[in-house]
Structure formats: structure tokens, C-alpha cells
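Tertiary structure, described
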Amino acid sequence: MSSILVRNGYIVYPWGIVEGDILVEDGIVSAVGKCLEADGVDVVDASGMLVLPGVVDHHVHMREPGLEYKDDFRRGSLDALSGGVTTVLEMPNTLPPVDSVERFYEKKRLLEQKAFVDFGLYGVIHDSNLDSFEPLVEAGVIGFKIFLGPTTGNIPAPSTPTLYGAMVKASRMDVVLAFHAEEWSLVEYFTERVRASGRVDPEAHMDARPPVCEEVAIKKLSTIAKHTRAPIHIVHVSSCEAVGAIENAQREGVRITGETNPHYLLLDSRDYSRYGTLIKVNPPIREPKHRECLWRAVKEGVLTLIGSDHAPHTLEEKQRDIWSAPGGFPGVATLLPLMLDQALKGRLELTMIPKLLSENPAKLFKIYPKKGCLYPGCDGDLVIVDPNGETVIDKDRLHSKHKYTPFHGWRVRGVVKKVVLRGHVVYDNELFIEKPLGTFIAPIRYREYSNLELH
């Protein structure tokens, strides 16, 4: 049944919290108010509970197709549901990568059979496929991911002329380009220096990719974006210098947004001694001062999105030495629990959770006002949370093929009790719906949604 009445919850909006009811009919929010009534719908009593819009995790690597030995989309989307995520935007660096319309449709058909959440697909741009830009947009990509250096999937980094050409097209078609922003020539330079010293400690990775690599890349990208008016998005921002470069570009009127991830907000270089290569990510987790810069940037609206950068590998891969271990770890299941915990403990305003994790990602990637909201006309995607409960993050409860997380054993405030996807209760007190109900979602290509403010 795709109709449900959620009663007496504390509905958390970006502008405030109201006590009331939400009626979802035929998968769509039809009314929000008090003392709502409806016939023939399931009724859920949310008294004392928080009701949030389903999380839009705009940064996941589910590893399918081609890398299923690391993980697969079915498992990843189950983890998403358990953490209150109802929509994921899937990165394109799989095998093969999503760099043509044919590969886009192949991946779409594959994932539709396995999706427990709704999903969108990024395309990728490199020197050999710039002519696929328009066809991929017409096919329904959510945006494009561009890697400035080597990545999982062995996608070649584009030249500067290709970057310029992609931004011209992105500006004309109003499509977001998301960048892994590290200047690769500098990464190679610093890595060679650090490795030559013989270091194998986990902090060596941090010193091999210092903040200047991010800063140079972002300044280069923002300069091209200034001249082309392209909308660009900087993923996994990790340093004060990166924040400063984004902030300066925003002051100049560049259409630039930025995200960070829970691991950059909650971990720092002091944690390498405890977690080792488990917390190796790119860019690296840095010294405590950078963590504080990121918190400031989130609170002041310089960084307007928080995603998981869910990137599972095998445990054997993660246990290799610091130079051989890949970057990344599972994160989609812990995104909302970790950030909600920070809000319930007062580090962040509670109203910023739906803004940073739902509304702003949906607006940026043009799936708002379908996703990321709890107003009449929005999809009936919502999360019911007990704010007085406590969760202990447990790696063995993850659905990933390889069960690990640096947050294992962390106690966090708030318990995800129910998750609703388009009016269907798909997660209920640790029980999942048996049949996957997720569907593909394409962006809304309407100009009236092109300038929705992220704040």
C-alpha cells in the first residue's frame, strides 16, 4: 500500500519544527496539518518522534557493475534504507564506467532490479567522450563526475581543454559537474617525496596529499567556471584551504558549491594511530584545525551538502600497507545516524539535517521538489526517528559484503525506527520489505528550478 498517515510527529523542516500529521496518498504527500483523517490508509503513531524527509545521499559508490567483489547495489541500498536514506545518486566509476548512453542504459537496467531505494546515475567525462555529453543529459544522468587523477575504474583524467569544453556544455544545459578536486601533478610530486623518505605510517598518506593539492585544483576549476558560468560542485572537501578557495569563488559570483563528509567532521589525524589504513580516504583526513574549518563552513553555509562518499572495498584491501590500501569505506548506513547525533548533542541545529542531507542535494541535482521535502506534491519519502533512543553502530549489522566501519562501537543519539519510500513502509524496526521497490529518478530539466537557492 502506498498510502499512509503519520500522526503526531515532530516534523523537522529547514525552517523549523512543527508538531502535526503527514498524509501520503498514492506515494505523494497530499496534506500536512493537524488532526488529519483519511480512509483506507495505514496509520502510524509518531508521538514523540522526529519526522524527517528521506535522506538524499548524493555521493555513493555501490561498485556495480564490474566491482561486485567489493560490494553490490542490492546490499548497498539495504544499508541505505537502514540509515534513513531513500534516494542515492550513484557515481560512474564502475567497470565499465558510465561514459556513453549505452553504458548508462545498461547500468540503469541492472540496478533497477536490485534497488531498495530510488536512485539517479552520474555520467563521467574524460578526453575521449566529450561528444557524449548531450546524449547522456538527454538520457537522464543526474550530473557528471570528473576525476582529476586516477580513480577506481581506471578513468583517465581530462585535459584542461576538455574541462573547458565540458563546462561550456554544462553552462548551456544547466547540468552540474562534480569534481574530485586534487591537482594530480602535485599529488605525484608529494607522494614521491614522502615515499622516498621510507615512511609507511598512516599519516604518510596525509602528507603525500597536502591541502595545496585541493586548493590549486579548486582555483583552477573555479577560474574556468567563472568564464563559462558552469555550475560546479566540489566533493569531499577536507581542508581549510579548500574551504577558503570555495568561499573566495562564491564571493566572485562563481556557481560553485561544496560538500564534506562525516569522516572529515568527526575524525582527524589523531585517529590514525587507532584506525590505521581503515580511515584512508582521498583527500586524506587531516589535522584537527581542518575539522574545525569544515564545521565552520557547514554552519556558515559555505559547504551546503553532506554526503557519505560510501566507497566499500574488501577488508583484505583495506588492511594493506598505507601505499597499497585503497581509499574509502562503507558510509551510507551511518550518514544520518552520525549527523543526527551531532544535532541532538547540540553541535548542529536540528533543522540543518533536512537542509544538508535532503533538501540541498535534491535542489542541486534537480530532483526537488520531488525529493528532499515534506510538502504536498513531494514524494512520500520520510524517516521516523526516536530522538530519545540510542544506537550503537555495529559493523556486523551492515549489509556490505565486507563488514567494517571506523565508527564501529560508537554510541549515537537517535534511533531510525521506520523508513517510508513513496508511501510504502520499507524499513520497520530493523525489518526490511522483502521486494525492492526502488526506481530510477531523472532530474527535472526545467529552468524554473535551475536557480533554487542552497542555504
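What counts and how
Residues numbered from 1 in each chain as written. Predicted model: local features only at pLDDT ≥ 70, side-chain atom pairs only at ≥ 80, totals over all residues. Heavy atoms only, no water. Helix = DSSP H or I, 4+ residues; strand = E, 2+ residues; numbered from the N terminus. Rg over C-alpha atoms; globule rule 2.2 N^0.38 Å. Areas by Shrake-Rupley, 256 points an atom, 1.4 Å probe, with all protein chains shown as cover. Lys, Arg positive; Asp, Glu negative; His and termini not counted. Charge placed at Lys NZ, Arg CZ, Asp CG, Glu CD. Buried < 20%, exposed > 50% of the residue type's maximum accessible area, 1.4 Å probe, protein only. Pairing = 2+ DSSP bridges. Salt bridge = Lys/Arg side-chain N within 4 Å of Asp/Glu carboxyl O. Contact = heavy atoms within 4.5 Å. Polar contact = N/O pair within 3.5 Å; in protein donor to acceptor, adjacent residues only side chain to side chain. Axes fitted to C-alpha atoms, helices over the stretch in contact; angles between N-to-C directions. Phe/Tyr/Trp six-rings, centres within 6.5 Å; stacked < 30°, edge-to-face > 60°. Lys NZ or Arg CZ within 6 Å of the ring centre and 35° of its normal. Disulfide = S-S within 2.5 Å.

**Quick notes on the overall build of the protein**
Within the protein one finds 14 helices and 18 strands. Relative to its length of 455 residues, the protein is compact, with a C-alpha radius of gyration of 21 Å against a globular reference of 23 Å. By principal-axis analysis of the C-alpha atoms, the protein measures approximately 70 × 50 × 40 Å. Carbon together with sulfur atoms contributes 49% to the accessible area of the protein, which is approximately 16500 Å² in total. Looking at charge distribution, the protein has the averaged site of its 53 positive side-chain charges lying 3 Å from that of its 61 negative ones.

**Here we look at the pairing of strand 13 (residues 256–260)**
With five of its five residues buried, strand 13 lies for the most part within the structure. The alternating pattern of strand 13 places Ile-256, Gly-258 and Thr-260 on one face and Thr-257 and Glu-259 on the opposite face, and all of these are buried. Pairing of strand 12 (residues 232–234) with strand 13 involves three bridges; the strand directions are parallel. When the bridges of strand 13 are listed, Ile-232 appears paired with Ile-256.

**Here's the deal with the pattern of salt bridges**
For the coordinates displayed, the defined rule picks out 36 salt bridges. Residue Glu-317 is joined to Lys-70 by a salt bridge in which the shortest nitrogen-to-oxygen separation is 3.0 Å. You can see Glu-317 sitting in helix 12 (residues 315–318) and its partner Lys-70 sitting in the loop between strand 6 (55–60) and helix 1 (73–82), a full 247 residues away along the chain. With a shortest N-O distance of 2.7 Å, Asp-174 and Arg-255 are connected by a salt bridge. Note that Asp-174 is positioned in the loop between helix 4 (160–173) and strand 11 (177–180) and Arg-255 in the loop between helix 8 (240–251) and strand 13, a separation of 81 residues in sequence. According to the relative accessible area criterion, Asp-174 is buried, its value standing at 5%.

**Re the environment of Ser-3**
Counting through the fold element by element, Ser-3 comes out in the segment before strand 1 (4–13). Exposure remark for Ser-3: the relative accessible area of 10% places this residue in the buried category. In this structure the C-alpha to C-alpha distance between Ser-3 and Gly-327, which are 324 residues apart in sequence, comes to 42 Å. Excluding anything up to four places from it in sequence, Ser-3 contacts Val-24, Glu-25, Asp-26, Val-41, Asp-42 and Gly-423. A polar atom in the side chain of Ser-3 sits 3.0 Å from the backbone nitrogen of Asp-26.

**What about the sheet that holds strand 8 (residues 118–121)?**
The sheet built from three strands is open, its strands ordered 6-7-8 with parallel pairing. Looking at which strands have only one partner, the edges of the open sheet turn out to be strand 6 and strand 8. Pairwise comparison of adjacent strand axes, ignoring direction, gives a mean angle of 20° for this sheet. Strand direction decides the pairing type here: strand 7 (residues 85–90) and strand 8, joined by four bridges, are parallel. Paired with Thr-87 across the two strands is Asp-118, which belongs to strand 8. The strands that helix 2 (residues 101–112) touches are strand 7 and strand 8; relative to strand 8, the one it contacts most, it runs at about 165°.

**Some words on the packing of aromatic side chains**
For the structure shown, the criterion picks out 12 aromatic pairs. Look at Phe-133 and Phe-144: their rings are 4.3 Å apart centre to centre, the planes differ by 25°, and that puts the pair in the stacked class. Here Phe-144 lies in strand 10 (residues 144–147) and Phe-133 lies in helix 3 (residues 133–139), a separation of 11 residues in the sequence. Phe-144 matches Phe-133 in its accessibility class, with the two residues each being buried. Judged by centre distance (4.8 Å) and plane angle (85°), the rings of Phe-407 and Trp-410 are edge-to-face. Using a relative accessible area of 2% as the deciding quantity, one classes Phe-407 as buried. By relative accessible area, which is 21% here, Trp-410 ends up partly exposed. Grouped by ring-pair contacts, the aromatic residues Phe-73, Phe-104, Tyr-105, Phe-119 and Phe-440 constitute a single cluster. Taking NZ or CZ as reference, Lys-363 lies 5.2 Å from the ring centre of Tyr-368, over its face.

**With respect to the state of the cysteines**
Here a disulfide denotes one covalent bond, and it connects the sulfur atoms of two cysteines. Following the criterion strictly, the structure yields two disulfides and no others. Here Cys-240 engages in a disulfide with Cys-293; their sulfurs sit 2.1 Å apart. Where Cys-240 bonds to Cys-293 through sulfur, the torsion about that S-S bond is close to 90°, and the disulfide is right-handed. Remark: Cys-293 occurs in helix 11 (residues 288–300) and Cys-240 occurs in helix 8; sequence separation between them is 53 residues. Between the sulfur atoms of Cys-373 and its disulfide partner Cys-378 the distance amounts to 2.2 Å. Here the S-S torsion is close to -115°, and the disulfide linking Cys-373 with Cys-378 is therefore left-handed. Each member of the pair, Cys-373 as well as Cys-378, carries the same accessibility label: buried.

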